[in-house]
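Structural overview
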2 protein chains.
Amino acid sequence: MSKQRTAVSPTREENYPEWYQQVIKVADLAEHSPVRGCMVIKPWGFSLWENIKSALDKEFKKKGAQNAYFPLFIPLSYLEKEATHVEGFAKECAVVTHHRLEEKDGKLVPAGELEEPLVVRPTSETIIGEMYSKWIESYRDLPLKLNQWCNIVRWEMRTRLFLRTAEILWQEGHTAHETKEEALDLTKQMLDVYVDIAENHLAIPVIKGRKTEAEKFPGAEETFTFEAMMQDGKALQMGTSHFLGQNFSKASDISYMSREGNLEHVWTTSWGVTTRLIGAIIMTHSDDNGMVLPPRVAPSHIVIIPFVNKEETKEKVYSYCQELKKELEELNYFRKEVEVIFDDRDQRAGEKAWHWIKKGIPIRIEVGPKEIDEGMVSLFKRTDGPKDRIKLSKEEAVKTIPDVLESIQTTIFERAKEYRSKRMVKIDTKEEFYDYFSKKDCGFALAHYNPEQSVEEKIQQDLNVTVRCIPIDLPKEEGVCPFTGAPSKQRVVFAKSY
Amino acid sequence: MSKQRTAVSPTREENYPEWYQQVIKVADLAEHSPVRGCMVIKPWGFSLWENIKSALDKEFKKKGAQNAYFPLFIPLSYLEKEATHVEGFAKECAVVTHHRLEEKDGKLVPAGELEEPLVVRPTSETIIGEMYSKWIESYRDLPLKLNQWCNIVRWEMRTRLFLRTAEILWQEGHTAHETKEEALDLTKQMLDVYVDIAENHLAIPVIKGRKTEAEKFPGAEETFTFEAMMQDGKALQMGTSHFLGQNFSKASDISYMSREGNLEHVWTTSWGVTTRLIGAIIMTHSDDNGMVLPPRVAPSHIVIIPFVNKEETKEKVYSYCQELKKELEELNYFRKEVEVIFDDRDQRAGEKAWHWIKKGIPIRIEVGPKEIDEGMVSLFKRTDGPKDRIKLSKEEAVKTIPDVLESIQTTIFERAKEYRSKRMVKIDTKEEFYDYFSKKDCGFALAHYNPEQSVEEKIQQDLNVTVRCIPIDLPKEEGVCPFTGAPSKQRVVFAKSY
């Protein structure tokens, strides 16, 4: 059999990391900027981010969180308040040291040195903590639940579009509570919001769980995560929700008068997801022809492509397409209006079709004089082959579009689940474990585990494999750690990861 | 007559700048952060910003602009490409010089010095220009219309909440065109979008016009502005739209193959508004009892306050209020659902009423056992006196709410227009002019003008008055400049300003 031509080269099989970069390129989602480590998010990618944002924002608000905005800069002394925290971020901070430019020997140089350097926020626990310590006085001010959508900077040396960049767009929620239980509960509620969005909007099956000590957020008591399997078997940490205990409230002295009249420290949480979610969508659903978008968050649902062979049929075809567009735009899909693009660019129809396949639009509709005469349209689902035409009467097409979109959503979710279950295995011996992770087609290994940092370090050194999470929902099953023979309460997820 | 008590002290009359700060405080919109010059925007203020954003965003999209995202940092060398531009911003730049922190003598200090310092964007013409020069190849790629919602930093020495801060939230649109005419037309289209939002959403009457040479954006050929009068007679520049000619396209070499096959430079524009619009709302509409919100962008439209005198009536009152809330939330006002707050906090009803008056919510509804027995509700409009009760049957109240909201919107717009017309005068002699601007109740002076930079400088030095704009829509009328006697083609707006 000869090799099938694909729109993306190399294919996933040939070179997965390079395929990833190429999908971003052919779908025109983003690109590297000339500023080291920073990316430019282009309209198609940004619109996807806006849809994800809006879905999350609605759910946060249902949980009682409100949006606010805190400063970009954090005084160095604030960052130092929590020892583990500053240690975690000191190595990758952008530091502002001057506040103007001055000409010197015909060259502009930094001038006006600041008394105290400012760090561009890598995350905002410390600056928000400072404000919370002013705002919170009594139990009446609690719980306090704020969220901000903003940019942060972590000076990464090796960057990859959407997955790891110096500047990151994200959301960070910060809450303060009277009791440990309430804070812990909120941490889990927000984890569930994320899982809901991941599975039901992005169509990405995830495993939720706790992080081990080695993988916790700097300054957290407990970090919850949700992890997905990419099409190369690697895990992607999609977001985290942290129970911060009283670490930050003690560091920033966020105290309140309790119901009993005592001065006590609040319990805090923080939780965030980034544009990395776009990376997750790409690596979970896309194929060798480019992007595949989950219909529920797609920037547009349908493209209509006119086929005009003779100039004299152009008007007829165009007006038919425009009419169809209007009818489709009156439909609703997943609580929103159906978004339709009529591609009337001056280009060959075949080229246009491939343009939209690469961009991952869920449905492509082609209309030519022949279709019009028959009162039909040709419909193509992005999840089928590029030439798998479905011929429908126009009425039928209009009627079934929401169902077709939903079937695409379901298809890609099921496909991802199936893929994951094929690459998830139970492993009970050290030999098997080392053997498994030496193979190219390794994935998630469910193995027993006893908290012992040195074991995790050794495994990471030997195999570049880490404990992705201690799952919350998998059935508990006692056993022994295959590395130490120590008793284990449950299996955890080991994998290579991004 | 004894002095009436007001919720805000001092009053506008007593001390306008301090009144402004106090309104922001009592309405809980924002506050200064401990980071010099940066503010914290609190939920009530941020929600107002979100509504303004969403109104603008819709209109931008109608004009064909798409959202994207460009890096926070700009290499120093990029900023230098356009000489006037860098000169305009060099004195107020936050400069990143290091990329990590390191312990030295037990203290954390900046380390990892960058080869080339990075400037935190004060605006993005140069970095976006760099990308446009890569993306644009032929006339087929034009026009290119992108917008981004982001933060910028301008190191201001004297800051004021919303009006002038070091970190600013804004939107910046950047477009590139084939011809001068098209670019100039787009510049004006966007100015019109702004004026529409200002007048029809924020209820702020504005004068649109061109800036003089002295007041232009650094690097622009022509800057358009829209200016409003605050309640102290001063002008506030609410936003600007710049025709950049080929200045930036030449600096960044953004060229394209024209329809005739020649390599030519594109024509560019940029346009932006900031959270300063919130300052404009405060200073245009608010009164000595606090904030007054335009219903069309208010975070919430109605608060329901229960009056419970005896514990046994509580349940009855609460369930009546909740039912009312539900009915009101089914209403639409200005293409959105009516937003209702039921204030069930454990506080006296009178305190609650003042809380919401200060926050500027358009309508307050009070419900007690007496109202329930009568099937009535008490409705208070924020634009009436705090005790001006309107008694209505519940049905009638529900039915008329959208109209009541709209009447508040109209009232504050008309009020602002009337205020402005009272403080706008035609002035024809230098003596009159100097006399007018020496008085406390000065406002806008319409005077003849001949472009002569030295005159503007002198007036600014003597009176702290500048040409706010050369109006576009005011009737043209020839005359002579009162300062030089030179011929003038039209009157311009002179005023003190923020």
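Residues numbered from 1 in each chain as written. Chains lettered and ligands numbered in written order. Predicted model: local features only at pLDDT ≥ 70, side-chain atom pairs only at ≥ 80, totals over all residues. Heavy atoms only, no water.

Within an α-helix, residues lying three or four positions from one another point in the same direction, as the helix has 3.6 residues per turn. Residue and element names in this part refer to chain A. When helix H1 (residues 16-26) is considered as a whole, its buried residues turn out to be Tyr16, Trp19, Tyr20, Gln22, Val23 and Ile24. The secondary structure elements touched by the buried residues of H1 are strand S1 (30-32) and helix H8 (276-285). Two or three places before Glu18, at the start of H1, stands the capping residue Asn15, its side-chain oxygen 3.2 Å from that residue's backbone nitrogen. With its phi angle positive at about 55 degrees, Asp28 sits one or two positions after the end of H1. (Buried < 20%, exposed > 50% of the residue type's maximum accessible area, 1.4 Å probe, protein only. Helix = DSSP H or I, 4+ residues; strand = E, 2+ residues; numbered from the N terminus. Contact = heavy atoms within 4.5 Å. Polar contact = N/O pair within 3.5 Å; in protein donor to acceptor, adjacent residues only side chain to side chain.)

Let us now look at the sheet that holds strand S4 (residues 73-75) of chain B. With antiparallel pairing, six strands are arranged side by side in an open sheet as S4(A)-S6(A)-S5(A)-S5(B)-S6(B)-S4(B). The open sheet is flanked by strand S4 (73-75) of chain A together with S4 of chain B, the only strands paired with a single partner. The sheet shows a mean angle of 45 degrees between the axes of neighbouring strands, direction not considered. Sheet topology note: the strand S5 (residues 95-104) of chain B/strand S6 (residues 107-120) of chain B ladder contains eight bridges and is antiparallel. (Pairing = 2+ DSSP bridges. Axes fitted to C-alpha atoms, helices over the stretch in contact; angles between N-to-C directions.)

Before going further, it helps to examine the relation of the copies chain A and chain B. With an RMSD of 0.0 Å, chain A superimposes on chain B once it is rotated by 180 degrees and translated 0.0 Å along the axis. Put plainly, the chains are arranged around a two-fold axis. Nearest to the rotation axis, the C-alpha of Val96 of chain A is located 2.1 Å from it, this being the minimum over chain A. Of the interface residues in chain A, 100% have counterparts in chain B that sit at the interface too, so the contact is made through matching surfaces. (Least-squares fit on C-alpha atoms with pLDDT ≥ 70 in both.)

What follows concerns unusual backbone geometry. Peptide bonds are, in most cases, trans, and in most cases residues other than glycine have a negative phi. With an omega of 0 degrees, the peptide bond running from Ser9 of chain A to Pro10 of chain A counts as cis. Mapped onto the elements of the fold, Pro10 of chain A is located in the segment before H1. The phi dihedral of Asp105 of chain A is positive, around 50 degrees, even though this residue is not glycine. Following the sequence through the fold, Asp105 of chain A ends up in the loop between strand S5 (95-104) and strand S6 (107-120). Of the residues examined, Asp105 of chain A reaches a relative accessible area of 79% and is grouped as exposed. With a phi angle near 70 degrees, Phe162 of chain B is a residue other than glycine that sits in the positive phi range.

Moving on: the interface of chain A and chain B. Where the parts come together, the accessible area they lose is often given as the size of the interface. Between chain A and chain B, the residue contacts involve 60 residues of the former and 60 residues of the latter. Taking both sides of the interface into account, the surface hidden between chain A and chain B amounts to around 5000 Å²; carbon and sulfur atoms contribute 69%. The three residues of chain A that bury the most area against chain B are Tyr69, His99 and Leu101 of chain A, which together make up 13% of that side's buried surface. Put simply, chain A and chain B have two salt bridges between them. The salt bridge involving Lys61 of chain A is made with Glu50 of chain B; its shortest N-O contact spans 3.7 Å. For the pair chain A and chain B, the interface holds 24 residue pairs in polar contact (both at pLDDT 80 or more). (Buried area = accessible area lost by both parts, 1.4 Å probe. Salt bridge = Lys/Arg side-chain N within 4 Å of Asp/Glu carboxyl O.)

Of all hydrophobic cores here, the largest spans 77 residues; its most connected members are Phe73 and Val120 of chain A together with Phe73 and Val120 of chain B. In contact with Phe73 of chain A, other than residues within four places in its own chain, are Val96, Leu118, Val119, Val120 and Ile127 of chain A together with Val35, Cys38, Ala94, Val120, Val153 and Trp155 of chain B. (Core = buried A, V, L, I, M, F, W, Y, C linked by side-chain atoms within 4.5 Å.)

Here the focus is the packing of helix H9 (residues 314-329) of chain B against helix H12 (residues 394-422) of chain B. All names here are of chain B. At a closest axis distance of 10 Å, the pairing of H9 and H12 adopts a crossing angle of 30 degrees. It follows from the interaxial angle that H9 and H12 lie roughly parallel. Between H9 and H12 lies a crossing whose hand is right-handed. Within the contact between the two elements, H9 uses Tyr320, Glu323, Leu324, Glu327 and Leu328 and H12 uses Lys394, Val398 and Ile401. For the contact of H9 with H12, the residue count by class is five nonpolar, no polar and three charged. (Parallel < 35°, antiparallel > 145°, perpendicular 65-115°, else oblique. Left-handed = near helix turned anticlockwise from the far one by under 90°. Nonpolar A, V, L, I, M, F, W, Y, C, P; charged D, E, K, R; others polar.)

Another aspect to go through is the packing of aromatic side chains. According to the stated counting rule, one finds 40 aromatic pairs over all chains in the structure shown. Centroid distance Tyr132 of chain A to Trp135 of chain A: 6.1 Å. Interplanar angle 40 degrees. Geometry classified as tilted. Highlighted residues: Tyr132 of chain A and Trp135 of chain A, both in helix H5 (residues 125-135), separated by three residues, approximately one helical turn. Here Tyr132 of chain A and Trp135 of chain A have matching classes, each one buried. One residue, Arg364 of chain B, lies across the ring of Phe380 of chain B, its end atom 4.0 Å from the ring centre. (Phe/Tyr/Trp six-rings, centres within 6.5 Å; stacked < 30°, edge-to-face > 60°. Lys NZ or Arg CZ within 6 Å of the ring centre and 35° of its normal.)

Everything listed here is a matter of geometry and, on its own, says nothing about what the molecule does.
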